[in-house]
Amino acid sequence: MIAWSMQVVNKQKEDYKKRKKQEWNKEKLEMKEKLKTLSDWKNDLQKEINAIIREIDKGHGCIATGSHSGQQHAGHYFSVGANSTLRFHLENIWLQSIHSNSWKGGDTIRYQEGIIALYGKGYLDYLNSLQSIKPLQLSKSDIEEKIPIARGILKWLKLQNRKFTNEERLSLRIEFNKKLQIYG
């Protein structure tokens, strides 16, 4: 009888510790969310946007080299450092190998050649015109609202589980830019 009651007490202690740990983890997560800066929120949205690009371009090679090998990034035509306004613009971001994106500094000339090969010089001219978009003034709450939308897009893309044609890749970018409502 005593052994059984000790087991019950020990089980209750374990359950109490487990419950307290779960409560603390939840509280800690809530505190972390409250302490996030605008930059943290932008980085969170950027991760979702990059995942969307990798899903849209899944099965295709690097925009600059055509390579399918190695780690694939969501490479910006206009880098975030050069033009932070375009950091979330889906037409400014294409699948790019780590080699082109990181080691070759974006591999701009071959990036342009890749865009021309897929969509023509007129589309490259359009991409270059994106630089004239007025700077974004997104607040934390603006960005916070966009994250669930981006996650919904990503979930839909993953359910498709297929390689999109080049025409679909472009139309999906345009459609999802409208859905995110970042660029009007």
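Above this text sits the structure in question.
Everything numeric in this text was worked out from a predicted model, so none of it was measured.

Trainee: Even after reading the chapter, I still don't get the environment of Glu91, so can you show me in this structure?
Mentor: When you line up the elements, Glu91 lands in the loop between β1 (72-76) and β2 (93-97). Along the primary structure Glu91 and Gln46 are separated by 45 residues, whereas in three dimensions their C-alpha atoms are 14 Å apart. In contact with Glu91, other than residues within four places in its own chain, are Tyr123, Tyr126, Leu127, Leu170, Arg173, Ile174 and Asn177. Of note is the side chain of Glu91, whose polar atom sits 2.7 Å from the side chain of Tyr123.

Trainee: Mind showing me how you'd approach helix α2 (residues 38-56) here?
Mentor: The first and last C-alpha atoms of α2 sit 27 Å apart over 19 residues, in line with the 27 Å expected at 1.5 Å per residue. Among all positions of α2, only Trp41, Asp44, Leu45, Gln46, Glu48, Ile49, Asn50, Ala51, Ile52, Ile53, Glu55 and Ile56 are buried.

Trainee: I keep staring at the pattern of salt bridges and nothing clicks. Help me out?
Mentor: Charged atoms that come close allow side chains of opposite charge to pair. What the rule picks out here adds up to ten salt bridges. A salt bridge links Glu168 to Arg162; its shortest N-O distance comes to 2.8 Å. The partly exposed category is assigned to Arg162, whose relative accessible area is 35%. Residues joined in a network through salt bridges with shared partners are Asp57, Arg169 and Arg173.

Trainee: Teacher, can you tell me more about the side chain of Asp44 here?
Mentor: Residue placement: Asp44 occurs in helix α2. Asp44 has contacts with Lys36 and Ile147, leaving out every residue within four places of it along the chain.

Trainee: Please clarify how the packing of α2 against helix α7 (residues 166-180) should be interpreted in this entry.
Mentor: In helix packing, the relevant descriptors are the interaxial angle and the interaxial distance, both defined with respect to the helix axes. Orientation of α2 relative to α7, taken along the N-to-C sense of each, is 155 degrees, at an axis distance of 10 Å. Relative to α7, the element α2 is oriented roughly antiparallel. Seen along the crossing, α2 lies across α7 with a hand that is right-handed. Here Ile49, Ile52, Ile53 and Ile56 of α2 lie close against α7, whose contacting residues are Arg169, Leu172, Arg173, Phe176 and Leu180. Of the residues belonging to the contact of α2 with α7, the class tally is seven nonpolar, no polar and two charged.

Cut-offs used in this document
- Residues numbered from 1 in each chain as written.
- Predicted model: local features only at pLDDT ≥ 70, side-chain atom pairs only at ≥ 80, totals over all residues.
- Heavy atoms only, no water.
- Helix = DSSP H or I, 4+ residues; strand = E, 2+ residues; numbered from the N terminus.
- Contact = heavy atoms within 4.5 Å.
- Polar contact = N/O pair within 3.5 Å; in protein donor to acceptor, adjacent residues only side chain to side chain.
- Expected span 1.5 Å × (residues − 1).
- Buried < 20%, exposed > 50% of the residue type's maximum accessible area, 1.4 Å probe, protein only.
- Salt bridge = Lys/Arg side-chain N within 4 Å of Asp/Glu carboxyl O.
- Axes fitted to C-alpha atoms, helices over the stretch in contact; angles between N-to-C directions.
- Parallel < 35°, antiparallel > 145°, perpendicular 65-115°, else oblique.
- Left-handed = near helix turned anticlockwise from the far one by under 90°.
- Nonpolar A, V, L, I, M, F, W, Y, C, P; charged D, E, K, R; others polar.

Read these as spatial facts, not as claims about activity.
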